[in-house]
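A structural walkthrough
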Amino acid sequence: MVVGLSRAQTAGDYLLGAAASPLNAVIGWLKNKGRRAPRPVSMTALTRPADMSFSDIVRKAHDTLPGARLRRRLFWRYTLVWHRR
């Protein structure tokens with residue numbers, strides 16, 4: 001399983017991003033009760049900026065991992081699930 005971020009490419013991607021931006025800020029504020037919190041020590045996963053659009057990710061995943069299931073998620077995320085057969 002992969003949880004990743006995709007780069008906005010289409011008008012729909014930008015509209016979803018515009019709708020998600022204020023919601024992302026509200027959720028962050030509610031979760032932290034308005035206080036700035038340091039990053040938890042447990043957050044050590046390597047990250048990098050998104051460089052592929054969702055459609056590019058879907059195409060590449062299906063070429064590499066036949067049967068992979070990809071779904072868009074909230075806040076610019078996607079999930080990829082693949083089971084070896």
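Let me begin by describing the structure that accompanies this report. Predicted model only: the values in this text are computed from it and were never measured. Numbers given to residues run from 1 along each chain, matching the order in which its sequence is written. The predicted origin of the model limits local features to residues at a pLDDT of at least 70 and limits the giving and counting of side-chain atom pairs to 80 or more, whereas totals for whole chains, interfaces and linings rest on all residues. Side-chain numbers come from the whole structure's heavy atoms, not from hydrogens or water.

What follows deals with a nonpolar patch on the surface. On the surface, a nonpolar cluster with roughly 580 Å² of combined accessible area is contributed by Leu23, Val26, Ile27, Trp29, Leu30 and Leu74. With relative accessibility at 38%, the residue Leu23 sits in the partly exposed group. Patch membership requires more than 30% relative accessible area and the absence of a salt bridge. Residues of like charge join within 9 Å; the nonpolar side chains Val, Leu, Ile, Met, Phe, Trp and Tyr join within 5 Å. A 1.4 Å probe and the Shrake-Rupley method give the accessible areas. Residues count as covered only by the protein chains that appear here. What makes a salt bridge here is a side-chain nitrogen of Lys or Arg within 4 Å of a carboxyl oxygen of Asp or Glu, nothing more. The classification of residues rests on relative accessible area computed with a 1.4 Å probe and restricted to protein chains. Under 20% of the type maximum is buried, over 50% is exposed, and intermediate values are partly exposed.

By the convention used here, strands pair only if DSSP detects at least 2 bridges between them. Only DSSP runs of H or I covering at least 4 residues are called helices, and only runs of E covering at least 2 are called strands; the numbering of each starts at the N terminus. An order of β1-β3-β2 is seen for the 3 strands of this open sheet, with the pairing classed as antiparallel. On the outer flanks of this sheet lie β1 (2-5) and β2 (69-72), each paired with one strand and no other. Taking the axes of each pair of neighbouring strands and ignoring which way they run, one obtains an average angle of 25° across the sheet. Here β1 pairs with strand β3 (residues 77-81) via 4 bridges, running antiparallel. Counted as the bridge partner of Gly4 is Tyr78 from β3. An axis is simply a line fitted to the C-alpha atoms; with a helix, the fit covers only the stretch in contact. Between two such axes, the angle follows the N-to-C directions and lies from 0 to 180 degrees.

Ring pairs are drawn from Phe, Tyr and Trp, using the six-membered ring of Trp, whenever the two centres fall within 6.5 Å, and their geometry is named by plane angle: stacked under 30 degrees, edge-to-face over 60, tilted for the rest. One pass over the full model with this rule turns up 2 aromatic pairs. Each ring, one from Phe75 and one from Trp76, has its centre 6.2 Å from the other, and the planes form 40°; the classification is tilted. Given the relative accessible area of 36%, Trp76 is considered partly exposed.

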